[in-house]
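# An overview of the molecular structure
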Protein chains: 2
Amino acid sequence: MENIYEELKPPKRILLGPGPSNVNPRVYKAMMTPVVGYLDSELLKIMDEIVEMLRKVFKTKNKITFPVSGTGTAGMEAALCNIIEPGDEVLVCINGYFGVRIKDMVERYGGKPLIIEAPWGETVPPEKVRKAIKEKKVKLVAIVHTETSTGVLQPLEEISEIVRESEALLLVDTVASLGGYPVETDKFGIDIVYSATQKCLSCPPGLAPITFSEKAVEIIKKRKNKVSSFYLDVNLLEKYWFGGKRTYHHTASMSLLYALYEGLKIVLEEGLETRFERHRRNAEALKAGLKAMGLKLIAQEGHQAPMLTAVAIPEGISDVEVRGRLLKEYGIEIGGGLGVFSGKAWRIGLMGESSTQSNVLLILNALEKLLSESGYKVKPGTGVSAASACYQ
Amino acid sequence: MENIYEELKPPKRILLGPGPSNVNPRVYKAMMTPVVGYLDSELLKIMDEIVEMLRKVFKTKNKITFPVSGTGTAGMEAALCNIIEPGDEVLVCINGYFGVRIKDMVERYGGKPLIIEAPWGETVPPEKVRKAIKEKKVKLVAIVHTETSTGVLQPLEEISEIVRESEALLLVDTVASLGGYPVETDKFGIDIVYSATQKCLSCPPGLAPITFSEKAVEIIKKRKNKVSSFYLDVNLLEKYWFGGKRTYHHTASMSLLYALYEGLKIVLEEGLETRFERHRRNAEALKAGLKAMGLKLIAQEGHQAPMLTAVAIPEGISDVEVRGRLLKEYGIEIGGGLGVFSGKAWRIGLMGESSTQSNVLLILNALEKLLSESGYKVKPGTGVSAASACYQ
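Residues numbered from 1 in each chain as written. Chains lettered and ligands numbered in written order. Predicted model: local features only at pLDDT ≥ 70, side-chain atom pairs only at ≥ 80, totals over all residues.

## What to know about the overall build of chain A
When you go through chain A residue by residue, the secondary structure sums to 13 helices and 14 strands. The C-alpha radius of gyration computed for chain A amounts to 21 Å, which stays within 12% of the reference 21 Å derived for 392 residues, consistent with globular compactness. With the C-alpha coordinates of chain A rotated into their principal frame, the extents come out at 65 × 65 × 45 Å. Residues counted as buried form 57% of the 392 residues belonging to chain A. Taking the intrachain contacts of chain A between residues at least 6 apart in sequence as the baseline, contacts between residues at least 24 apart amount to 71%. (Helix = DSSP H or I, 4+ residues; strand = E, 2+ residues; numbered from the N terminus. Rg over C-alpha atoms; globule rule 2.2 N^0.38 Å. Buried ≥ 20, exposed ≤ 12 C-beta atoms within 10 Å, placed from the backbone. Contact = placed C-beta atoms within 7 Å.)

## As for the sheet that holds strand S3 (residues 89-94) of chain A
Residues and elements named next belong to chain A. Overall, mixed pairing links the 7 strands, which are arranged S2-S10-S9-S8-S5-S3-S4 in an open sheet. Edge positions in the sheet fall to strand S2 (65-68) and strand S4 (112-117), since each has one partner strand and no second. In this sheet, neighbouring strand axes are inclined to one another by 20° on average, regardless of whether the strands run parallel or antiparallel. Against the sheet, helix H3 (residues 72-83) engages S2, strand S5 (140-144), strand S8 (169-173), strand S9 (192-194) and strand S10 (208-212), with an angle of about 25° to S10. Sheet strands touched by helix H7 (residues 214-221): S8, S9 and S10. Its angle to S8, the strand with the most contacts, is close to 110°. (Pairing = 2+ DSSP bridges. Axes fitted to C-alpha atoms, helices over the stretch in contact; angles between N-to-C directions.)

## Quick word on the interface of chain A and chain B
Facing the 63 residues of chain A at the interface are 63 residues of chain B. Only helix H1 (25-30), helix H2 (41-58), H3, helix H4 (97-108) and helix H9 (254-270) of chain A provide two or more residues apiece to the side of chain A that touches chain B. Among the elements that line the side of chain A that touches chain B, the one with the most residues is H9(A), at 9 residues. Classifying every residue of the side of chain A that touches chain B by side-chain character gives 30 nonpolar, 19 polar and 14 charged. (Nonpolar A, V, L, I, M, F, W, Y, C, P; charged D, E, K, R; others polar.)

## Remarks on the domain arrangement of chain A
Interfaces are often described in size by the accessible area the parts lose on coming together. Residues and elements named next belong to chain A. Each assigned domain of chain A is listed with its residue range as follows: domain 1 (25-268) and domain 2 (272-390). The straight-line distance from the C-alpha centre of domain 1 to that of domain 2 is 29 Å. With 24 residues of domain 1 at the contact, the number on the domain 2 side is 22 residues. Residue assignment for the side of domain 1 that touches domain 2 shows that the elements contributing at least two residues are H4 and strand S7 (152-153). Taken together, the residues of the side of domain 1 that touches domain 2 break down into 11 nonpolar, 11 polar and 2 charged. (Domains from an automatic or database assignment.)

## Observations concerning the relation of the copies chain A and chain B
The two copies are related by a screw operation: chain A maps onto chain B through 180° of rotation and 0.0 Å of translation along the axis, at an RMSD of 0.0 Å. This pairing of chains is accounted for by a two-fold axis. Across chain A, the rotation axis passes nearest the C-alpha of A:Gly70, at a separation of 2.8 Å. A share of 100% of interface residues in chain A that are also interface residues in chain B marks the association as one of identical surfaces. (Least-squares fit on C-alpha atoms with pLDDT ≥ 70 in both.)

## A few points about the packing of helix H5 (residues 126-135) of chain A against helix H6 (residues 157-164) of chain A
Helix-helix packing: each pair is described by the crossing angle between the helix axes and the interaxial distance. Residues and elements named next belong to chain A. Contact geometry of H5 with H6 gives a least axis separation of 9 Å together with a crossing angle of 10°. Classified by the interaxial angle, the pair formed by H5 and H6 is roughly parallel. Where H5 approaches H6, its residues Pro 126, Val 129, Arg 130 and Ile 133 are matched on the opposing element by Glu 158, Ile 159, Ile 162 and Val 163. By residue class, the composition of the contact of H5 with H6 is 6 nonpolar, no polar and 2 charged. (Parallel < 35°, antiparallel > 145°, perpendicular 65-115°, else oblique.)

## Quick notes on the sheet that holds strand S14 (residues 345-349) of chain A
With respect to topology, 3 strands assemble into an open sheet ordered S11-S14-S13 (chain A), the strand pairing being antiparallel. Of all the strands in the sheet, the pair left with one neighbour each is strand S11 (308-312) and strand S13 (335-336) of chain A.

## Structural notes on unusual backbone geometry
Residue and element names in this part refer to chain A. With omega at 5°, the peptide bond leading from Gly 19 into Pro 20 counts as cis. Secondary-structure assignment places Pro 20 in the loop between strand S1 (14-15) and H1. Its identity is not glycine, yet Lys 59 carries a phi of approximately 50°, on the positive side. Relative to the helices and strands, Lys 59 is located in the loop between H2 and S2.

## As for the nonpolar core
By size, the foremost hydrophobic cluster in this structure holds 275 residues, and its most contacted members are A:Val141 and B:Val141. When neighbours within four sequence positions are excluded, A:Val141 is seen to be in contact with A:Leu91, A:Val129, A:Ile133, A:Val163, A:Ala168, A:Leu170 and A:Leu171. (Core = buried A, V, L, I, M, F, W, Y, C linked by C-beta atoms within 7 Å.)

## Remarks on the packing of helix H12 (residues 357-373) of chain A against helix H13 (residues 382-390) of chain A
Residues and elements named next belong to chain A. Contact geometry of H12 with H13 gives a least axis separation of 8 Å together with a crossing angle of 160°. As far as their axial angle goes, H13 and H12 are roughly antiparallel. Considering how the two elements wind past one another, H12 and H13 form a crossing that is right-handed. On H13, the residues touching Val 360, Leu 361, Leu 364, Asn 365, Leu 367 and Glu 368 of H12 are Thr 382, Gly 383, Val 384 and Ala 387. When grouped by side-chain class, the residues that make up the contact of H12 with H13 number 6 nonpolar, 3 polar and 1 charged. (Left-handed = near helix turned anticlockwise from the far one by under 90°.)

## Quick word on the pairing of strand S10 (residues 208-212) of chain B
All names here are of chain B. Taking burial as the measure, the 5 residues of S10 include 5 buried ones, the bulk of the element. Burial along S10 is two-sided: Ala 208, Ile 210 and Phe 212 and Pro 209 and Thr 211, pointing in opposite directions, are all buried. The sheet contact formed by strand S2 (residues 65-68) and S10 spans 4 bridges and is antiparallel. What sits directly across from Phe 66, in S10, is Ile 210. Alignment of strand S9 (residues 192-194) against S10, held across 3 bridges, turns out to be antiparallel. Paired with Val 193 across the two strands is Thr 211, which belongs to S10.

## A closer look at the environment of B:Tyr109
Within the fold, B:Tyr109 resides in the loop between helix H4 (97-108) and strand S4 (112-117). Residue classification places B:Tyr109 among the buried positions, given that 22 C-beta atoms sit within 10 Å. Residues B:Tyr109 and B:Ala79, spaced 30 residues apart in sequence, show a C-alpha to C-alpha distance of 11 Å. Beyond its immediate chain neighbours, meaning those up to four positions away, B:Tyr109 contacts A:Ser228, B:Leu80, B:Cys81, B:Ile84 and B:Ser228.

## Let's talk about H12(A)
Residue and element names in this part refer to chain A. Between its terminal C-alpha atoms H12 stretches 25 Å, which fits the 24 Å expected from 17 residues at 1.5 Å a residue. Three or more residues of H12 are buried, namely Asn 359, Val 360, Ile 363, Leu 364, Ala 366, Leu 367, Glu 368, Leu 370 and Leu 371. Along its buried surface, H12 packs onto S1, helix H10 (272-292), helix H11 (319-330), strand S12 (332-333), S14 and H13. Gly 375 occupies a position one or two residues after H12 and carries a positive phi of about 100°. (Expected span 1.5 Å × (residues − 1).)

Put into structure tokens, the structure is as follows:
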């Protein structure tokens, strides 16, 4: 008998990074629900209810709405690999790290990416989309709703209109927004939307909710070639999730489905609008505090996502030291910069369960102390006072 | 506030199907461990220990040994898509459902499958591999260790030798065997081995342990084209799992990693040899009982896997009725037939935590009662007596 591995006891963290966010104890408890067979009628019922709840959260009537058995990146891949066939022109809007990732995937699946770029930290101008879509026969336009690398919230209404006037499909990455900010799938006529469970839905990572419009499903059904990925092939997944006779495809992780079921219940109990308002309000307070402390936000004014705030690290301050001390002395995780902002920005997430007044006041207080001790000039209490004022 | 969804309360099942198997309460408890960031040093430590434990279970020193963030089917896909480039000749051994699935995936990734077939229920003869491998320049030979569709256990020693004499890589699907039967990765020189967590490792589904030999890794590094799947690209995953500076790739499901950590601890505490012996012994008793009742096993004599026993449904007996009553009256899940055995066979799994003497006696007793009531002639107590004798 070998027993050299210890009991699991990672310290409790206050998760204020780019995700995962803190998980509600009810969700952990749901994962204690016993595992059953992948075709057990009791599981199928739970799956049906998850689909129903996801439709509410995605604000859609789309039949093909379900969680992909993988993380948000698997959701991104499922969205792209089902639509793209070799040679397809795909318009990719890039204003941060995840736009770059979409481009990489488009190429891997044989698509031809046409790129629209905006500086990291700014939104993608609809005019650029209008121009590009006229020049080529584009099959798909892909854009990120909330760029987790910069904290930019991309307005979608105008771009959706432009894409709807063409024959192209519109794909939106809502990994960091679903459950924290309105995702208007049907209202805006978005064809493919995917997300992840560990951000504003506050479940553990491992599933990627996704939805496909009828138009998108038709295009998938008419493909000339099979989808390269068997695991993510919607034509096969449809038979397991929606078939009259449910057909085995893969063994879904019922433990993660139980977690998602409970997580979605919590979202709907709070109410979507109340939840969005909570995210908005806490983010306003955080931003007021950071600005009062003289810190500079990365995302352009007027387009800052309430779920994630990227803030420039002041000159002369050590990224690694501050984040290390936050973790060690406060148990707080915030994110480092991604891509061009690596070492130059911090990413503070207020997602799902993590979006609370007490977390806002705590992180501001902690940052002020650590920055002061590193030589940054800030009057004591500045950040917390400005944030508190927002809660009056 | 909306509250129309009930508390999760699926009934407790005795899982004697093709997986998932029953989960040890310690594993459920492990999933209550709080979620932390995907680069948290405490998580990285746990990931390192999981890698260490997986190497022991796979019996390998391979560096690239880790759990893919998806189910067993994602493991199959990761194994294939990293190796195969368009035009590559891949020798696929088919003697059941999962061999067929491998062939499908090979085609999706642009490979040219060369097929060796054996009847479902029989092993693949090494001589056929020897002949096929001489005729073409094969890049990869793929074979299933335990065919979950038939219960056949494929001997691997001779086939490994044959493949090692060529330049081809050998890939083995051990989804149903890892943790229940010896997987001799290094001893047999197998290059790529993948599995799943929900069978003989008795964890919830959602992760797919995988290992790549140095030779396989070199071939992946020298690819002409990028792997189609970003999500499963070992070149990128390596940087997250093994990089000196760990690099973000996707947000691993720490809850499932916690479960796997605990599940692997339980496997190693029991000891691999003791665990294999337990699986062997319970399967012997089950088979003795089934045969005594006059039932016919699908897998050829001498090559029956201890983890899964496929048994032919007797003439005139309703598949759906018997399985329905087993579930309803006993809370027991067994599997229906797959592929050519759909409606014609039952698949009884004795995997991981589910492989116990009491489960063997219970299923034999239940089957006897239900078969008798459906008109099948069997003397009371026949199966249980024969099984009990094996435990003397």
